[in-house]
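# Close look at the chain arrangement
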Amino acid sequence: MPETPVLYVLNGPNLNLLGVREPHIYGRETLADVQALCEAAAEGATVVFRQTNREGELIDWVQEARTEAHALILNPAGYGHTSIALLDALKALTIPVIECHLSNPAAREEFRHRTYVSLAATGVVSGFGALSYELAVKAALGLVGERKISAGRLNPDKA
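Residues numbered from 1 in each chain as written. Predicted model: local features only at pLDDT ≥ 70, side-chain atom pairs only at ≥ 80, totals over all residues. Heavy atoms only, no water.

Topologically, Leu141 is positioned in helix α5 (residues 131–154). Note on Leu141: relative accessible area 17%, which makes it buried. On a C-alpha basis, the gap between Leu141 and Ala71 in space is 7.9 Å, while along the polypeptide they are 70 residues apart. Not counting chain neighbours up to four residues away, the residues in contact with Leu141 comprise Pro5, Leu7, Ala41, Ala42, Glu43 and Ala45. (Helix = DSSP H or I, 4+ residues; strand = E, 2+ residues; numbered from the N terminus. Buried < 20%, exposed > 50% of the residue type's maximum accessible area, 1.4 Å probe, protein only. Contact = heavy atoms within 4.5 Å.)

Okay, here's the thing in structure tokens:
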């Protein structure tokens, strides 16, 4: 894996409609705006930014992140509440996983209060609109940095 951190930012169903779909909940920023925000916050790290409406494709990307990324930021959208297959894919990762939501699911309908993704996530950032992604990128970079420092303590030749 390259020395420059690689962050995967994966987005689930309907996020391609950001700025149009329920802007009073999800904001007026588009997915392209969110991508630009992530890239600006990445401080030179490589950002692989993707969105899909298909569960299997999202799972394929999570599996790809296992070997290609230093950290994963995931907005599972509706799949967070329904996909045990997505949870199983996340459990195979050894990299930090940040669950990210534009809205605060805990303040919404009862069925949104719990996600399967949270069971495998290192942490969750939610409720800050597009800023949630920026915060998630910063958290992911911090976790990647901590892992590099810890690895250096264990083996100074690899730091």
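It is worth spelling out the sheet that holds strand β1 (residues 6–11) at this point. Spatial ordering of the open sheet is given by β2-β1-β3-β4-β5, a layout of 5 strands whose pairing is parallel. Across the chains shown, the open sheet's two edge strands, defined by having one partner strand only, are β2 (46–51) and β5 (123–126). Within this sheet the neighbouring strands show an average axis-to-axis angle of 20 degrees, counted without direction. As paired elements, strand β3 (residues 71–75) and strand β4 (residues 97–101) share 3 bridges and run parallel to each other. Across the sheet, the residue bridging to Ile73 is Ile98, located in β4. Against the sheet, helix α2 (residues 31–41) makes contact with β1 and β2, and its axis sits at roughly 160 degrees relative to β2, the strand it touches most. (Pairing = 2+ DSSP bridges. Axes fitted to C-alpha atoms, helices over the stretch in contact; angles between N-to-C directions.)

Once that is clear, we can look at the pairing of β4. Along β4, 5 of the 5 residues are buried, which leaves the element largely enclosed by surrounding structure. In terms of handedness, the path from β3 via helix α4 (residues 84–91) over to β4 forms a crossover that is right-handed. With 4 bridges connecting them, β4 and β5 associate as parallel partners. Paired with Ile98 across the two strands is Gly123, which belongs to β5. (Right-handed = clockwise from strand over helix to strand, strands pointing away.)

Before going further, it helps to spend a moment on the pattern of salt bridges. Within the structure shown, the criterion is met by 3 salt bridges. Here Glu43 makes a salt bridge to Lys138, at a shortest N to O gap of 2.6 Å. Within this pair, whereas Glu43 is found in the loop between α2 and β2, its partner Lys138 is found in helix α5, the two being separated by 95 residues in sequence. Note on Lys138: relative accessible area 36%, which makes it partly exposed. Close ionic contact of Arg50 with Glu64 constitutes a salt bridge, the shortest N to O distance being 3.0 Å. Within this pair, whereas Arg50 is found in strand β2, its partner Glu64 is found in helix α3 (residues 55–68), the two being separated by 14 residues in sequence. Classification of Arg50 as partly exposed rests on a relative accessible area of 22%. (Salt bridge = Lys/Arg side-chain N within 4 Å of Asp/Glu carboxyl O.)

Moving on, we get to the packing of α3 against α4. Taken N-terminus to C-terminus, the directions of α3 and α4 make an angle of 5 degrees; their axes are 9 Å apart at the nearest point. The orientation of α3 relative to α4 falls into the category roughly parallel. Within the contact between the two elements, α3 uses Glu55, Leu58, Ile59, Val62 and Gln63 and α4 uses Ala85, Leu86, Ala89 and Leu90. Of the residues contributing to the contact of α3 with α4, the split by class is 7 nonpolar, 1 polar and 1 charged. (Parallel < 35°, antiparallel > 145°, perpendicular 65-115°, else oblique. Nonpolar A, V, L, I, M, F, W, Y, C, P; charged D, E, K, R; others polar.)

Before going further, it helps to spend a moment on the nonpolar core. As a rule of thumb, nonpolar side chains are buried together in soluble globular proteins. With 26 residues, the main nonpolar core has Cys38, Ile73, Tyr133 and Val137 as its most contacted residues. Counting residues per element, the ones that place at least two in this core are β1, α2, β2, β3, β4 and α5. The element best represented in this core is α5, accounting for 6 residues. Discounting residues that sit within four places of it in the chain, Tyr133 has contacts with Val9, Asn11, Leu15, Val34, Cys38, Asn75, Cys100 and Leu102. Grouped together as the second largest cluster of nonpolar side chains are 21 residues, Val48, Leu86, Ala89 and Leu90 included. (Core = buried A, V, L, I, M, F, W, Y, C linked by side-chain atoms within 4.5 Å.)

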